[in-house]
Amino acid sequence: MHEIKSESSFAGLIRRYVSASGLLIAATIAALICANTPAISDTYFRLWNEPISLSIGGFNLFSHGGHTLSLMDFINDFLMFFFFLSVGLEIKREVLCGELSSRQKALLPVIGACGGMIVPVLIFYAICSGDALAERGCAIPMATDIAFSLGVLSVFGKRVPVGLKVFLAALAVADDLGGIIVIALFYSQGLSWPYLIAAAVVIAILLIGNKRDVRAKVFYWLFGIILWYLVLNSGIHATIAGVALAFCIPANLGVGTRYYLERIRDCVNEYPDIDVTEADRKKPMVLSKEEIHSLRRIESASDKLISPLQDIEDSLYYPINFGVIPIFAFANAGVAFGGLTFGNVALGVMLGLLLGKFLGVMSFSWLSMKCGLCQMPAGGNWKSFASVSMICGIGFTVSMFIAELSFRGAGAEAAVYLDEAKLGILAGTIASALIGCIMLHLTLPKDAAAKIES
């Protein structure tokens, strides 16, 4: 029974990512067309330098160091704050009660994620070693895109054992956590202690609110935006504020679930049983004040049945996957191919994703299983596990984001490296997806229902 429930849960998760990954692909193609169409390419690239502000008197929320953010900065610093908030909420949920909640569940995907981060970095460094500017992009090929990777798995439906789906989803979450740590440690510069101290105070207020059972989501949104502004101006990348906010949002309920269910049941029981005809269904009903009050009590109790963490995470899904990420892709994936060479940075990123992710995930996982630390995911074998390891080379959103952090605004040569990095991301992602699909087709069961083992 447990396996069936898990299969249903991951089938729903994958279905949600299919359309999101399709929109992401469309945004990427649109960006490449705009960047390489002479009639509109200048407008496309100039658009991202337009200033954007939200001012109250002399205060501009969208400013950094006294300078107004450009549209590109707004997307990468502000909109991506919500993306990383969503990622942080997902990580917290998985750590508390999901696939990273116990040593037994978390060990294999965490070990696999570590290999999938270390080996790509080493491959990139081996290719670009000696070029200090190019070496700034070492972390670019270390990320797995959860939307793309789960979207690829969806092509094979029930042929993919649920254990392998769980492994890939958990690995992508652990991978995101590694990327967040790298961004926090290596992409901070010019720290401003007054802003850092103020940010720490805001985090303390959020934690106190959590401890005092503050469940009003507006409280966390308000102080979350304040935290974003302070972190933006502190020298730490602003998206880290999203992760910090996520870990301050309560994951539990103020009162037990049964309490709210009883309140709903009591309110419903106040209404007498009535026979409703088809004609009655179309007629508006005038409610008494007591009935309105009772319905509002039901509404309030229903809202409190969902923890703030799950409520915010769910409410962010559509804006993030159908808004923020496609906008990010359209703004950042545009590469002008004219005169662009496939240099060491592009080669390092592509091989880091294509070979590094596969070799890292596969070798670290193999070693952990041979040492008896972990077990093969339910329903999997070495051939199908290798196929999923290849899928891990599908990197996009976080890879593009780290590429921007590595090279944007660092001079003309860095701008060339940025375009090379984007080219490498696209090449590595496409190659990993195609090879992974071929491997999955050859290694998975041919029938429609893959065997799910306990």
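Rules and cut-offs
Residues numbered from 1 in each chain as written. Predicted model: local features only at pLDDT ≥ 70, side-chain atom pairs only at ≥ 80, totals over all residues. Heavy atoms only, no water. Salt bridge = Lys/Arg side-chain N within 4 Å of Asp/Glu carboxyl O. Buried < 20%, exposed > 50% of the residue type's maximum accessible area, 1.4 Å probe, protein only. Helix = DSSP H or I, 4+ residues; strand = E, 2+ residues; numbered from the N terminus. Bend = angle between axes of the 7 residues up to and from the residue. Phe/Tyr/Trp six-rings, centres within 6.5 Å; stacked < 30°, edge-to-face > 60°. Contact = heavy atoms within 4.5 Å. Polar contact = N/O pair within 3.5 Å; in protein donor to acceptor, adjacent residues only side chain to side chain.

Peer 1: Before we move on, could you go through the pattern of salt bridges and cite the residues and values that matter?
Peer 2: Pairing of side chains with opposite charge becomes possible as their charged atoms draw close. According to the stated counting rule, one finds six salt bridges in the structure shown. The shortest N-O distance in the salt bridge between E94 and R93 comes to 3.0 Å. On the accessibility criterion, E94 (12% relative accessible area) is buried. Between K357 and D175 there is a salt bridge, and its shortest N-O distance comes to 2.9 Å. Note that K357 is positioned in helix α14 (residues 344-370) and D175 in helix α6 (residues 162-186), a separation of 182 residues in sequence. Using a relative accessible area of 2% as the deciding quantity, one classes D175 as buried.

Peer 1: Quick rundown of α14? Include the residues and the values.
Peer 2: Its axis deflected by about 40° at G352, α14 carries its strongest bend there. In the segment just after α14, G372 is the residue with positive phi, at about 85°.

Peer 1: A description of the packing of aromatic side chains should follow, citing residues and the corresponding values.
Peer 2: The geometry of an aromatic ring pair comes down to the distance between the two centres and the angle between the two planes. Within the structure shown, the criterion is met by 25 aromatic pairs. Each ring, one from F62 and one from F74, has its centre 5.0 Å from the other, and the planes form 75°; the classification is edge-to-face. On the criterion of sequence distance, the pair formed by F62 in the loop between β2 (59-60) and β3 (63-64) and F74 in helix α3 (residues 71-97) is long-range, its members being 12 residues apart. We classify F62 as buried; its relative accessible area is 7%. On the accessibility criterion, F74 (13% relative accessible area) is buried.

Peer 1: Describe helix α15 (residues 382-391), and please don't skip the residues or the numbers.
Peer 2: With respect to burial, α15 is a largely interior element, eight of its 10 residues being buried. All of the buried residues in α15 are S384, F385, A386, S387, V388, S389, M390 and I391. In this structure, the buried side of α15 is in contact with α4 (103-128), α5 (146-154), α6, α14 and α17 (412-443). Among the residues of α15, the N-terminal cap falls to N381, whose side-chain oxygen and the backbone nitrogen of K383 are separated by 3.1 Å.

Peer 1: Please set out the environment of S365 residue by residue, giving values where relevant.
Peer 2: Relative to the helices and strands, S365 resides in helix α14. Setting aside residues no more than four positions away along its own chain, S365 makes contact with L108, G112, F167 and F385.

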